[in-house]
Amino acid sequence: MAEVLSRGNLFDPQLVTDLIDKVKGHSSLAVLSQQTPIPFNGQKEFTFTMDSEIDIVAENGQKTHGGISIAPLTIVPIKVEYGARVSDEFIYATEEEKIDILKSFNDGYAKKVARGIDLMAFHGINPRSNTASTIIGQNHFDAKVTQTVDFNSADPDANIEAAVAMVQGSGGSITGMAMDPAFSSALAAYKVNGVKQFPDLAWGGNPGTINGLRADINNTVANGGDDLAIVGDFANMFKWGYAKEVPFEVIKYGDPDGSGKDLKNFNQVYLRSETYLGWGILDGTNFARVIKPATTPEG
(Lines give C-alpha, C1' and ligand atoms only; values in the text may rest on other atoms or scores of the structure.)
Protein backbone atom coordinates (compact mmCIF):
# COMPACT_ATOMS: atom_id res chain seq x y z
CA MET A 1 0.00 0.00 0.00
CA ALA A 2 2.98 2.32 0.49
CA GLU A 3 3.29 3.10 -3.21
CA VAL A 4 -0.08 4.87 -3.20
CA LEU A 5 1.52 7.67 -1.18
CA SER A 6 3.77 8.85 -3.96
CA ARG A 7 2.71 11.69 -6.19
CA GLY A 8 1.04 11.01 -9.50
CA ASN A 9 -0.15 7.46 -8.82
CA LEU A 10 -3.41 6.14 -10.23
CA PHE A 11 -6.45 4.86 -8.44
CA ASP A 12 -6.46 1.09 -8.26
CA PRO A 13 -8.50 -0.36 -11.19
CA GLN A 14 -10.97 -1.83 -8.70
CA LEU A 15 -11.55 1.61 -7.18
CA VAL A 16 -11.96 3.11 -10.65
CA THR A 17 -14.63 0.52 -11.48
CA ASP A 18 -16.33 1.24 -8.17
CA LEU A 19 -16.14 4.98 -8.88
CA ILE A 20 -17.80 4.58 -12.28
CA ASP A 21 -20.51 2.31 -10.89
CA LYS A 22 -21.35 4.84 -8.19
CA VAL A 23 -21.44 7.69 -10.71
CA LYS A 24 -23.97 5.75 -12.77
CA GLY A 25 -26.21 5.63 -9.74
CA HIS A 26 -26.13 9.36 -8.97
CA SER A 27 -26.08 11.12 -12.37
CA SER A 28 -29.31 11.44 -14.35
CA LEU A 29 -27.35 11.57 -17.59
CA ALA A 30 -25.43 8.43 -16.65
CA VAL A 31 -28.71 6.69 -15.80
CA LEU A 32 -30.35 7.60 -19.09
CA SER A 33 -27.43 7.14 -21.49
CA GLN A 34 -24.58 4.77 -22.20
CA GLN A 35 -21.03 5.46 -21.13
CA THR A 36 -18.25 4.99 -23.68
CA PRO A 37 -14.49 5.30 -23.04
CA ILE A 38 -13.08 8.64 -24.21
CA PRO A 39 -9.41 8.84 -25.31
CA PHE A 40 -7.35 11.72 -23.94
CA ASN A 41 -7.13 13.38 -27.36
CA GLY A 42 -10.89 13.12 -27.88
CA GLN A 43 -12.97 11.21 -30.36
CA LYS A 44 -15.29 12.03 -33.24
CA GLU A 45 -18.92 10.97 -33.30
CA PHE A 46 -20.65 11.02 -36.68
CA THR A 47 -24.36 11.61 -37.19
CA PHE A 48 -25.58 10.37 -40.57
CA THR A 49 -28.76 11.86 -42.02
CA MET A 50 -30.28 10.03 -44.97
CA ASP A 51 -31.91 12.73 -47.07
CA SER A 52 -34.36 10.50 -48.97
CA GLU A 53 -36.31 7.28 -48.56
CA ILE A 54 -35.28 3.92 -50.06
CA ASP A 55 -36.00 3.56 -53.77
CA ILE A 56 -37.60 0.73 -55.73
CA VAL A 57 -35.45 -0.29 -58.69
CA ALA A 58 -36.94 -2.17 -61.62
CA GLU A 59 -35.05 -5.03 -63.23
CA ASN A 60 -32.26 -3.45 -65.27
CA GLY A 61 -33.50 -0.10 -63.98
CA GLN A 62 -31.37 2.90 -63.12
CA LYS A 63 -30.48 3.61 -59.49
CA THR A 64 -30.78 7.19 -58.25
CA HIS A 65 -28.84 9.10 -55.63
CA GLY A 66 -30.47 9.19 -52.21
CA GLY A 67 -28.17 11.69 -50.57
CA ILE A 68 -26.53 11.72 -47.16
CA SER A 69 -25.44 14.38 -44.71
CA ILE A 70 -22.65 13.75 -42.20
CA ALA A 71 -22.29 15.91 -39.11
CA PRO A 72 -19.13 15.15 -37.10
CA LEU A 73 -18.93 16.07 -33.42
CA THR A 74 -15.65 15.89 -31.55
CA ILE A 75 -15.92 14.94 -27.89
CA VAL A 76 -12.90 16.30 -26.05
CA PRO A 77 -12.42 15.31 -22.40
CA ILE A 78 -11.94 18.03 -19.83
CA LYS A 79 -10.18 17.65 -16.50
CA VAL A 80 -12.04 17.93 -13.22
CA GLU A 81 -10.50 17.54 -9.78
CA TYR A 82 -11.40 17.28 -6.13
CA GLY A 83 -9.08 17.58 -3.16
CA ALA A 84 -9.44 17.49 0.60
CA ARG A 85 -7.20 17.92 3.63
CA VAL A 86 -6.98 15.08 6.15
CA SER A 87 -4.87 14.54 9.24
CA ASP A 88 -1.35 13.33 8.54
CA GLU A 89 -2.27 10.32 10.68
CA PHE A 90 -3.25 8.92 7.28
CA ILE A 91 0.45 8.52 6.53
CA TYR A 92 1.04 6.46 9.66
CA ALA A 93 -2.20 4.48 9.62
CA THR A 94 -2.24 0.74 9.02
CA GLU A 95 -2.86 -0.47 5.49
CA GLU A 96 -6.41 -1.48 6.39
CA GLU A 97 -7.22 2.00 7.69
CA LYS A 98 -5.69 3.61 4.60
CA ILE A 99 -7.84 1.42 2.39
CA ASP A 100 -10.95 2.44 4.35
CA ILE A 101 -10.04 6.11 3.98
CA LEU A 102 -9.47 5.71 0.24
CA LYS A 103 -12.80 3.91 -0.15
CA SER A 104 -14.57 6.71 1.69
CA PHE A 105 -12.79 9.32 -0.45
CA ASN A 106 -13.71 7.35 -3.56
CA ASP A 107 -17.35 7.17 -2.51
CA GLY A 108 -17.57 10.90 -1.88
CA TYR A 109 -15.68 11.72 -5.05
CA ALA A 110 -18.04 9.55 -7.11
CA LYS A 111 -21.02 11.54 -5.87
CA LYS A 112 -19.33 14.84 -6.69
CA VAL A 113 -18.32 13.65 -10.18
CA ALA A 114 -21.84 12.36 -10.83
CA ARG A 115 -23.44 15.66 -9.83
CA GLY A 116 -20.75 17.51 -11.75
CA ILE A 117 -21.45 15.66 -15.00
CA ASP A 118 -25.08 16.72 -14.83
CA LEU A 119 -24.34 20.34 -13.93
CA MET A 120 -21.74 20.69 -16.68
CA ALA A 121 -23.68 18.94 -19.45
CA PHE A 122 -27.13 20.29 -18.53
CA HIS A 123 -26.15 23.89 -17.81
CA GLY A 124 -22.55 24.52 -18.93
CA ILE A 125 -21.39 25.61 -15.50
CA ASN A 126 -18.35 24.98 -13.35
CA PRO A 127 -19.89 22.95 -10.50
CA ARG A 128 -17.80 24.55 -7.77
CA SER A 129 -18.41 28.17 -8.70
CA ASN A 130 -21.88 27.56 -10.19
CA THR A 131 -21.02 30.00 -12.97
CA ALA A 132 -20.79 29.57 -16.74
CA SER A 133 -17.62 27.82 -17.90
CA THR A 134 -15.75 29.13 -20.93
CA ILE A 135 -14.13 25.70 -21.26
CA ILE A 136 -17.54 24.07 -21.76
CA GLY A 137 -18.80 26.89 -23.96
CA GLN A 138 -22.03 25.92 -25.75
CA ASN A 139 -21.66 22.18 -25.21
CA HIS A 140 -24.66 21.83 -22.91
CA PHE A 141 -28.41 21.22 -23.07
CA ASP A 142 -29.46 24.76 -22.12
CA ALA A 143 -27.62 26.08 -25.18
CA LYS A 144 -28.20 23.30 -27.70
CA VAL A 145 -31.80 22.35 -26.91
CA THR A 146 -33.95 25.20 -28.17
CA GLN A 147 -37.29 23.37 -28.24
CA THR A 148 -39.07 24.39 -25.05
CA VAL A 149 -42.48 24.03 -23.41
CA ASP A 150 -43.72 26.41 -20.71
CA PHE A 151 -44.56 24.62 -17.48
CA ASN A 152 -48.22 24.42 -16.49
CA SER A 153 -48.62 23.11 -12.95
CA ALA A 154 -52.30 22.36 -13.60
CA ASP A 155 -51.47 19.80 -16.29
CA PRO A 156 -47.82 18.67 -16.22
CA ASP A 157 -48.75 15.56 -18.19
CA ALA A 158 -49.71 17.80 -21.12
CA ASN A 159 -46.30 19.48 -20.83
CA ILE A 160 -44.56 16.16 -21.41
CA GLU A 161 -46.90 15.28 -24.28
CA ALA A 162 -46.09 18.63 -25.93
CA ALA A 163 -42.34 18.11 -25.46
CA VAL A 164 -42.56 14.59 -26.89
CA ALA A 165 -44.50 15.94 -29.90
CA MET A 166 -41.74 18.49 -30.53
CA VAL A 167 -39.02 15.85 -30.55
CA GLN A 168 -41.01 13.45 -32.70
CA GLY A 169 -41.95 16.31 -35.02
CA SER A 170 -38.22 16.88 -35.57
CA GLY A 171 -37.76 13.22 -36.50
CA GLY A 172 -36.35 12.20 -33.14
CA SER A 173 -37.11 9.39 -30.71
CA ILE A 174 -37.89 9.44 -27.00
CA THR A 175 -35.78 7.13 -24.84
CA GLY A 176 -35.71 8.95 -21.51
CA MET A 177 -36.66 11.87 -19.31
CA ALA A 178 -34.78 13.74 -16.59
CA MET A 179 -36.84 15.89 -14.26
CA ASP A 180 -36.49 18.14 -11.27
CA PRO A 181 -38.21 17.13 -8.00
CA ALA A 182 -40.58 20.09 -8.41
CA PHE A 183 -41.82 18.64 -11.69
CA SER A 184 -42.12 15.10 -10.33
CA SER A 185 -44.12 16.51 -7.40
CA ALA A 186 -46.48 18.19 -9.86
CA LEU A 187 -46.93 14.88 -11.68
CA ALA A 188 -47.45 13.05 -8.38
CA ALA A 189 -50.25 15.47 -7.47
CA TYR A 190 -51.85 15.41 -10.93
CA LYS A 191 -55.36 13.92 -10.86
CA VAL A 192 -58.01 13.04 -13.41
CA ASN A 193 -61.52 12.66 -11.97
CA GLY A 194 -59.97 12.67 -8.52
CA VAL A 195 -57.58 9.80 -9.27
CA LYS A 196 -53.82 10.30 -9.13
CA GLN A 197 -52.29 9.41 -12.50
CA PHE A 198 -48.71 8.89 -11.31
CA PRO A 199 -48.92 7.30 -7.83
CA ASP A 200 -45.40 5.85 -8.10
CA LEU A 201 -44.05 9.39 -7.80
CA ALA A 202 -45.78 10.06 -4.50
CA TRP A 203 -43.69 10.76 -1.37
CA GLY A 204 -40.56 11.48 -3.38
CA GLY A 205 -40.57 8.20 -5.28
CA ASN A 206 -38.09 7.69 -8.13
CA PRO A 207 -39.44 4.55 -9.84
CA GLY A 208 -37.00 4.53 -12.77
CA THR A 209 -39.72 4.36 -15.42
CA ILE A 210 -42.90 6.36 -15.96
CA ASN A 211 -45.49 5.10 -18.44
CA GLY A 212 -42.80 2.73 -19.70
CA LEU A 213 -40.33 5.57 -20.33
CA ARG A 214 -36.99 5.48 -18.54
CA ALA A 215 -36.85 8.42 -16.15
CA ASP A 216 -34.73 9.88 -13.38
CA ILE A 217 -35.41 12.59 -10.81
CA ASN A 218 -32.57 14.87 -9.80
CA ASN A 219 -32.23 18.46 -8.59
CA THR A 220 -29.36 18.92 -11.06
CA VAL A 221 -31.98 19.32 -13.81
CA ALA A 222 -33.03 22.74 -12.53
CA ASN A 223 -30.13 23.67 -10.23
CA GLY A 224 -31.98 26.86 -9.39
CA GLY A 225 -32.58 27.68 -13.06
CA ASP A 226 -35.52 27.40 -15.44
CA ASP A 227 -35.35 23.74 -16.52
CA LEU A 228 -37.91 21.41 -14.95
CA ALA A 229 -37.77 18.41 -17.29
CA ILE A 230 -35.81 17.27 -20.34
CA VAL A 231 -37.09 14.56 -22.66
CA GLY A 232 -35.45 13.07 -25.73
CA ASP A 233 -33.14 10.49 -27.22
CA PHE A 234 -30.59 10.15 -24.44
CA ALA A 235 -29.69 6.62 -25.56
CA ASN A 236 -28.45 7.61 -29.02
CA MET A 237 -28.00 11.38 -29.18
CA PHE A 238 -26.01 11.97 -26.01
CA LYS A 239 -22.56 10.42 -25.54
CA TRP A 240 -20.33 10.65 -22.49
CA GLY A 241 -17.43 8.83 -20.96
CA TYR A 242 -14.19 8.80 -18.99
CA ALA A 243 -10.62 8.59 -20.02
CA LYS A 244 -9.55 5.28 -18.49
CA GLU A 245 -7.00 6.42 -15.92
CA VAL A 246 -7.93 8.32 -12.77
CA PRO A 247 -4.88 10.01 -11.18
CA PHE A 248 -4.74 10.10 -7.39
CA GLU A 249 -2.09 11.66 -5.21
CA VAL A 250 -1.28 12.29 -1.59
CA ILE A 251 0.43 15.67 -1.18
CA LYS A 252 2.46 16.11 2.01
CA TYR A 253 3.93 19.58 1.58
CA GLY A 254 2.94 23.12 0.69
CA ASP A 255 -0.45 24.76 0.25
CA PRO A 256 -2.08 22.89 -2.67
CA ASP A 257 -5.56 24.34 -2.18
CA GLY A 258 -4.47 27.96 -1.77
CA SER A 259 -5.95 28.20 1.72
CA GLY A 260 -2.90 29.91 3.16
CA LYS A 261 -2.26 27.03 5.57
CA ASP A 262 0.90 25.01 5.13
CA LEU A 263 0.22 21.27 5.34
CA LYS A 264 3.19 20.47 7.57
CA ASN A 265 2.38 23.33 9.90
CA PHE A 266 -1.10 21.95 10.47
CA ASN A 267 -0.16 18.25 10.52
CA GLN A 268 -2.17 17.50 7.41
CA VAL A 269 -1.87 15.84 4.04
CA TYR A 270 -3.91 16.60 0.94
CA LEU A 271 -5.76 13.94 -1.03
CA ARG A 272 -6.45 14.87 -4.63
CA SER A 273 -8.02 13.02 -7.54
CA GLU A 274 -8.51 14.08 -11.14
CA THR A 275 -10.83 12.72 -13.80
CA TYR A 276 -10.89 13.32 -17.53
CA LEU A 277 -14.41 13.13 -18.89
CA GLY A 278 -16.18 14.30 -22.00
CA TRP A 279 -19.65 14.44 -23.49
CA GLY A 280 -21.45 15.52 -26.61
CA ILE A 281 -25.02 16.30 -27.69
CA LEU A 282 -25.17 14.93 -31.21
CA ASP A 283 -28.42 16.66 -32.23
CA GLY A 284 -30.24 19.18 -30.06
CA THR A 285 -33.49 18.76 -32.00
CA ASN A 286 -33.77 15.28 -30.51
CA PHE A 287 -34.54 16.84 -27.12
CA ALA A 288 -37.04 19.26 -25.61
CA ARG A 289 -37.09 21.10 -22.29
CA VAL A 290 -40.01 21.93 -20.02
CA ILE A 291 -39.12 25.28 -18.46
CA LYS A 292 -40.52 27.77 -16.03
CA PRO A 293 -42.49 30.39 -17.97
CA ALA A 294 -40.94 33.79 -18.25
CA THR A 295 -42.35 36.30 -15.79
CA THR A 296 -43.70 39.60 -17.03
CA PRO A 297 -42.16 42.59 -15.24
CA GLU A 298 -44.69 44.64 -13.31
CA GLY A 299 -45.31 47.93 -14.99
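To be clear, the structure that these remarks concern was listed above.
Attention shifts here to the overall build of the chain. From N to C terminus, the chain includes 8 helices and 16 strands. Here the chain holds 299 residues, and 42% of them are scored as buried. Within the chain, residue pairs in contact and separated by at least 24 positions form 75% of the contacts whose partners lie at least 6 positions apart. A total of about 16200 Å² of accessible surface is found on the chain, and carbon and sulfur atoms cover 50% of it.

Take the environment of Thr 275 next. Topologically, Thr 275 is positioned in strand E15 (residues 268-281). Only 2.6 Å separates the side chain of Thr 275 from the side chain of Tyr 109, close enough to count as a polar contact.

Quick look at the environment of Thr 220 now. Along the chain, Thr 220 turns up in the loop between strand E11 (213-217) and strand E12 (227-232). For the pair Thr 220 and Pro 181, spaced 39 residues apart in the sequence, the C-alpha separation amounts to 9.5 Å. Those residues in contact with Thr 220 that sit more than four places away from it in its chain are Arg 115, Asp 118, Leu 119, Phe 122 and His 123. Looking at Thr 220, its side chain comes within polar contact range of the side chain of Asp 118, at 2.9 Å.

This part is about helix H7 (residues 181-189). Residue pairs spaced three or four apart in an α-helix point in one direction, given the helix's 3.6 residues per turn. Here H7 has its buried residues at Phe 183, Ser 184, Ala 186, Leu 187 and Ala 188. The secondary structure elements touched by the buried residues of H7 are helix H6 (156-169), strand E7 (176-179), strand E9 (195-196), E11, E12 and strand E16 (287-291). The backbone nitrogen of Ala 182 has a side-chain oxygen 2.9 Å away, supplied by the residue at the start of H7, namely Asp 180.

A few words now on the packing of H6 against H7. It is the contact of H6 with H7, at a shortest axis distance of 8 Å, that shows an interaxial angle of 115°. For the pair formed by H6 and H7, the contact residues are Pro 156, Asp 157, Asn 159 and Ile 160 on the first element and Phe 183, Ala 186 and Leu 187 on the second. Each residue belonging to the contact of H6 with H7 can be placed in one class, and the counts come to 5 nonpolar, 1 polar and 1 charged.

The tendency in soluble globular proteins is for nonpolar side chains to be buried side by side. With 42 residues, the main nonpolar core has Val 23, Phe 141, Phe 238 and Trp 279 as its most contacted residues. The biggest single contributor to this core is helix H4 (residues 95-123), with 10 residues. In contact with Val 23, other than residues within four places in its own chain, are Ala 30, Ala 110, Val 113, Ala 114, Ile 117, Trp 240 and Tyr 242. In this structure, Val 149, Ala 163, Phe 198 and Ala 215 belong to the second largest nonpolar core, which totals 22 residues.

Glancing now at the sheet that holds E12. Spatial strand order, E6-E16-E12-E7-E11-E10: 6 strands in an open sheet with mixed pairing. This sheet does not close on itself; its edge strands, each paired only once, are strand E6 (148-150) and strand E10 (209-210). Alignment of E10 against E11, held across 2 bridges, turns out to be antiparallel. Within the sheet, the bridge partner assigned to Ile 210 lies in E11 and is Leu 213. Relative to the sheet, H6 contacts E6, E7, E12 and E16, its axis offset from that of E16 by approximately 155°.

What follows concerns a negative patch on the surface. Together, Glu 95, Glu 96, Glu 97 and Asp 100 give the surface a local cluster of negative charge. Note on placement: Glu 95 falls in helix H4.

One non-glycine residue with positive phi stands out, namely Asn 130, at about 60°. The phi angle at Asn 211 is positive, at roughly 55°, despite the residue not being glycine. For Asn 211, the location among the structural elements is in the loop between E10 and E11.

Our next topic: the pairing of E15. Of all the 14 residues making up E15, 12 are buried; the element is thus mostly covered by neighbouring parts of the structure. In the sheet, strand E3 (residues 78-87) pairs with E15 via 10 bridges, with the strands oriented antiparallel. Residue pairing for E15: Ser 87 is matched across the bridge by Gln 268. As judged from the 5 bridges shared by strand E13 (residues 238-242) and E15, these two strands associate in the antiparallel manner.

Scoring rules and cut-offs
- Residues numbered from 1 in each chain as written.
- Predicted model: local features only at pLDDT ≥ 70, side-chain atom pairs only at ≥ 80, totals over all residues.
- Heavy atoms only, no water.
- Helix = DSSP H or I, 4+ residues; strand = E, 2+ residues; numbered from the N terminus.
- Buried < 20%, exposed > 50% of the residue type's maximum accessible area, 1.4 Å probe, protein only.
- Contact = heavy atoms within 4.5 Å.
- Areas by Shrake-Rupley, 256 points an atom, 1.4 Å probe, with all protein chains shown as cover.
- Polar contact = N/O pair within 3.5 Å; in protein donor to acceptor, adjacent residues only side chain to side chain.
- Axes fitted to C-alpha atoms, helices over the stretch in contact; angles between N-to-C directions.
- Nonpolar A, V, L, I, M, F, W, Y, C, P; charged D, E, K, R; others polar.
- Core = buried A, V, L, I, M, F, W, Y, C linked by side-chain atoms within 4.5 Å.
- Pairing = 2+ DSSP bridges.
- Patch = residues over 30% accessible without salt bridge, like charges linked within 9 Å, V, L, I, M, F, W, Y side chains within 5 Å.
- Salt bridge = Lys/Arg side-chain N within 4 Å of Asp/Glu carboxyl O.
- Lys, Arg positive; Asp, Glu negative; His and termini not counted.
- Charge placed at Lys NZ, Arg CZ, Asp CG, Glu CD.

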